[in-house]
Amino acid sequence: AGQFEDTAILSVPCGAESLCLDLELGRYPVRANYLETGHRRLLGVGAGSLALLAWLPERERDAVLDTVAAQLHRTQAYPLIDRALLQAKAAESRARGYAVLLDVVVERMGGIAVPVLGADGSPVAAISIAALTDRITTREAELAQALQREAAQCQALWPGMERATA
């Protein structure tokens, strides 16, 4: 994560939420992240949690969307996010190979993320970068490629980690 100028975040799925396991603040002077280690967020609320949602198997994704949509409606904490937006953003993410969520959770801020997939193809983690919107849009391809390389390294190591803990 030290290669990124902006905040890098590692999240894992936890039911209908994502859990921030780690984050590393980047060198850029404006901190565009409001998530802390240990914080939970509904799946789809943020780029990392969107990547986790988007790569869930379809039936599981639909069930999680029901839960998330009900919670979003109940709390109204994120007025720009609803089930339709999450469905559309998940489909876009899968089509492009990474998730981008800009100006939805916080104005002028956003994130870009990729899932780390387990052996069965389900997301076991997500790596994301939080930054000012213009810092993402002007470097989207570069950031996506860097995140995809990191995720590929994690996935390559995953089978070895499973053997080591078995």
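See above for the structure.
Residues numbered from 1 in each chain as written. Predicted model: local features only at pLDDT ≥ 70, side-chain atom pairs only at ≥ 80, totals over all residues. Heavy atoms only, no water.

K.L.:
Sorry, what's going on with the nonpolar core here?
P.N.:
Side chains that are nonpolar tend, in soluble globular proteins, to be buried together. Formed by 24 residues in total, the largest nonpolar core has its most connected members in Leu43, Leu53, Val64, Val68, Leu72 and Leu86. When residues in this core are grouped by element, the largest group, 6 residues, is from helix α1 (residues 47-54). Filtering out sequence-adjacent residues up to four positions away, Leu43 remains in contact with Gly15, Ala16, Glu17, Ser18, Ser49, Leu52, Leu53, Leu56, Val64, Val68 and Leu86. If you look at the next biggest cluster of nonpolar residues, it comprises 16 residues, including Val12, Val116, Ala125 and Ala144. (Core = buried A, V, L, I, M, F, W, Y, C linked by side-chain atoms within 4.5 Å. Buried < 20%, exposed > 50% of the residue type's maximum accessible area, 1.4 Å probe, protein only. Helix = DSSP H or I, 4+ residues; strand = E, 2+ residues; numbered from the N terminus. Contact = heavy atoms within 4.5 Å.)

K.L.:
Could you clarify how one ought to interpret helix α2 (residues 58-75) in this entry?
P.N.:
The periodicity of an α-helix, 3.6 residues per turn, causes residues three or four places apart in sequence to face the same way. Spanning 18 residues, α2 covers 25 Å between terminal C-alpha atoms, matching the ideal 26 Å at 1.5 Å per step. Listed as buried for α2 are Arg61, Val64, Leu65, Val68, Ala69 and Leu72. When α2 is viewed along its axis, its buried side chains cluster within an angular range of 145° and face the same direction. Residues of α2 that are exposed and point over 90 degrees away from its buried face: Arg59, His73 and Arg74. Packed against the buried residues of α2 are β3 (40-42), α1 and α3 (83-96). Of the residues trailing α2, Gln76 is marked for its positive phi of about 55°. (Expected span 1.5 Å × (residues − 1). Arc of directions from axis to C-beta.)

K.L.:
Honestly, unusual backbone geometry in this entry has me stumped. Any pointers?
P.N.:
Note: most residues except glycine have negative phi, and most peptide bonds are trans. Residues other than glycine seldom take positive phi values, yet Asp103 does so here, at roughly 60°. Since its relative accessible area comes to 35%, Asp103 is described here as partly exposed. The backbone of Arg108 shows a phi angle near 70°, a positive value even though the residue is not glycine. Tracing the backbone through its elements, the reader meets Arg108 in the loop between β4 (99-102) and β5 (109-117). Classification of Arg108 by relative accessible area gives exposed; the value is 60%.

K.L.:
It is not clear to me how the packing of α2 against α3 should be interpreted in this structure. Could you clarify?
P.N.:
For any two helices packed against each other, one specifies the crossing angle of their axes together with the interaxial distance. At a closest axis distance of 9 Å, the pairing of α2 and α3 adopts a crossing angle of 140°. As judged from the angle between their axes, α2 and α3 are oblique. Crossing handedness for the pair α2 and α3: right-handed. Between α2 and α3, the contacting residues are Arg61, Asp62, Leu65, Asp66, Val68, Ala69 and Leu72 on the first element and Arg83, Leu86, Gln87, Ala90 and Arg94 on the second. The residue inventory of the contact of α2 with α3, partitioned by class, reads 6 nonpolar, 1 polar and 5 charged. (Axes fitted to C-alpha atoms, helices over the stretch in contact; angles between N-to-C directions. Parallel < 35°, antiparallel > 145°, perpendicular 65-115°, else oblique. Left-handed = near helix turned anticlockwise from the far one by under 90°. Nonpolar A, V, L, I, M, F, W, Y, C, P; charged D, E, K, R; others polar.)

K.L.:
Just to check I follow, could you spell out the pairing of strand β1 (residues 7-14) for this structure?
P.N.:
In regular strands, side chains alternate between the two faces of the sheet. In the sheet, β1 pairs with strand β6 (residues 123-132) via 5 bridges, with the strands oriented antiparallel. When the bridges of β6 are listed, Ser11 appears paired with Ala126. Examined bridge by bridge, β1 and strand β2 (residues 17-24) share 7 bridges and lie antiparallel to one another. The residue bridging Val12 from the neighbouring strand is Leu19, located in β2. Two successive antiparallel strands, β1 and β2, enclose a turn made up of 2 residues, where Gly15 displays a positive phi of approximately 65°. (Pairing = 2+ DSSP bridges.)

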